[in-house]
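# Observations on chain architecture
Listed below are the residues making up each chain.
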Amino acid sequence: MSDETETKRAKGTGWKSVYETLRNEILALTLAPGQLLDENSLAERFDMSRSPVREALIRLAGEDLVVTLSNRSTIVAPIEVATFPKYVEALDIAQRMNTRLAAELRTETDLKAITKRQKEFEAAVKTGNHLQMSEANKQFHMAIARAGKNPYLASFYERLLNQGQRMLHLHFEYLERTHEGYLLTDEHNQMLEAIRAKNVDLADELAHAHTRQFQQNFMDFMRENYTTDVSLGRRKPAE
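In the nomenclature of an unreviewed UniProt entry, the protein corresponds to GntR family transcriptional regulator from the organism Sinorhizobium garamanticum.

We now examine the environment of Gln-132. Note on placement: Gln-132 falls in helix 7 (residues 130-147). Judged by its relative accessible area of 41%, Gln-132 is partly exposed. Taking the C-alpha atoms as reference, Gln-132 lies 9.8 Å from Asn-24; in sequence the two are 108 residues apart.

Glancing now at the environment of Pro-52. Along the chain, the position of Pro-52 falls in helix 4 (residues 50-62). For Pro-52, a relative accessible area of 1% translates into the label buried. Between the C-alpha atom of Pro-52 and that of Tyr-19, which follows or precedes it by 33 residues, the distance is 8.9 Å.

So, on to the packing of helix 2 (residues 14-27) against helix 4. In helix packing, the relevant descriptors are the interaxial angle and the interaxial distance, both defined with respect to the helix axes. Interaxial distance between helix 2 and helix 4 falls to 8 Å at its minimum, and their mutual angle equals 45°. One way to sum up the angle between helix 2 and helix 4 is to call them oblique. Crossing handedness for the pair helix 2 and helix 4: right-handed. Here Gly-14, Trp-15, Val-18, Tyr-19, Leu-22, Arg-23 and Ile-26 of helix 2 come into contact with helix 4, specifically with Pro-52, Val-53, Glu-55, Ala-56, Leu-57, Arg-59 and Leu-60. Here the contact of helix 2 with helix 4 is built from residues that sort into ten nonpolar, one polar and three charged.

This part is about the nonpolar core. Core analysis: the largest hydrophobic core is formed by 25 residues, its most contacted members being Phe-84, Tyr-87, Leu-91, Tyr-157, Phe-214 and Phe-218. At the level of elements, helix 5 (84-105), helix 6 (108-127), helix 7, helix 8 (151-178) and helix 10 (200-226) are the ones that each hand at least two residues to this core. By residue number, the principal contributor to this core is helix 8, which donates ten residues. With sequence-adjacent residues up to four places away left out, Phe-218 is seen in contact with Phe-84, Met-167, Leu-170 and His-171. Leu-22, Ile-26, Leu-37 and Val-66 belong to the second largest nonpolar core, which has 20 residues in total.

All right, on to the packing of helix 6 against helix 7 then. Where helix 6 meets helix 7, the axes come as close as 8 Å, and the angle between the chain directions of the two elements is 170°. Classified by the interaxial angle, the pair formed by helix 6 and helix 7 is roughly antiparallel. Packed against helix 6, whose contacting residues are Asp-110, Ala-113, Ile-114, Arg-117, Gln-118, Glu-120, Phe-121, Ala-124, Val-125 and Thr-127, the element helix 7 presents Gln-132, Met-133, Ala-136, Asn-137, Gln-139, Phe-140, Ala-143, Ile-144 and Ala-147 at the interface.

The next point concerns helix 6. Its 20 residues place the ends of helix 6 29 Å apart at the C-alpha level, agreeing with the 28 Å of an ideal helix rising 1.5 Å per residue. Burial in helix 6 covers these residues: Asp-110, Leu-111, Ile-114, Gln-118, Phe-121 and Ala-124. An end-on view of helix 6 places all buried positions within 145° of arc, on one side of the element. Residues of helix 6 that are exposed and angled more than 90 degrees away from the buried face: Glu-108, Thr-109, Lys-112, Lys-116, Lys-119 and Lys-126. Remark: Gly-128 follows helix 6 within two positions and exhibits a positive phi of approximately 75°.

A few words now on the confidence of the model for the protein. In this model, the protein carries an average pLDDT of 85, and 85% of its residues clear a pLDDT of 70 or more. Across the protein, the element-wise mean pLDDT spans from 47 in helix 1 (residues 3-11) up to 97 in helix 5.

The rules behind the values
- Residues numbered from 1 in each chain as written.
- Predicted model: local features only at pLDDT ≥ 70, side-chain atom pairs only at ≥ 80, totals over all residues.
- Heavy atoms only, no water.
- Helix = DSSP H or I, 4+ residues; strand = E, 2+ residues; numbered from the N terminus.
- Buried < 20%, exposed > 50% of the residue type's maximum accessible area, 1.4 Å probe, protein only.
- Axes fitted to C-alpha atoms, helices over the stretch in contact; angles between N-to-C directions.
- Parallel < 35°, antiparallel > 145°, perpendicular 65-115°, else oblique.
- Left-handed = near helix turned anticlockwise from the far one by under 90°.
- Contact = heavy atoms within 4.5 Å.
- Nonpolar A, V, L, I, M, F, W, Y, C, P; charged D, E, K, R; others polar.
- Core = buried A, V, L, I, M, F, W, Y, C linked by side-chain atoms within 4.5 Å.
- Expected span 1.5 Å × (residues − 1).
- Arc of directions from axis to C-beta.
- pLDDT = per-residue confidence, 0-100.

Encoded structure:
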């Protein structure tokens, strides 16, 4: 690769391909939480200078998908199980507020956009591709947020949805493997119909139930993976 081509890529859109690839790998858990992201190794992998790689990592940090440590190393952001209850609390508030506003303020154009996103989510579910499913789920909820006409609440909601996509990926994987619970598709349709009917209280109730169902499914996943019947050996009686 020529120096001219390299410089042009670094100053242009080179970082976007790195950003999109790493973002997808982080959300799909191909890059595990806590995994080191070395700039030199990434530059070699993507066959470009460190500048676009660094720019991509900065963008990912802005979405809380990577973390820069005190020694300046960058790692994939851990999934903080200890703070999960606080995350769910914030998600519940944001989801309810945006859905309430959508039910009150939506237009026919908004309804068409939400309906389109729901059909895309249903199509993604049929593919079994968890990354597509989590992204389609996010776009459905963001269509609702945009119908609420409050960009500040929508922005806050989007940040929470971004942070929750890896957990949603685990949630989908758990449901597919165990066939317990469901993929929230029916709840999406119910939320859409409540918004269509401008039933603010029902929209609020469904949004709240939607968050709680996600919480329960994720906790079921955690229990399955961290509760084990493996014997550690029979303890000798005290002499």
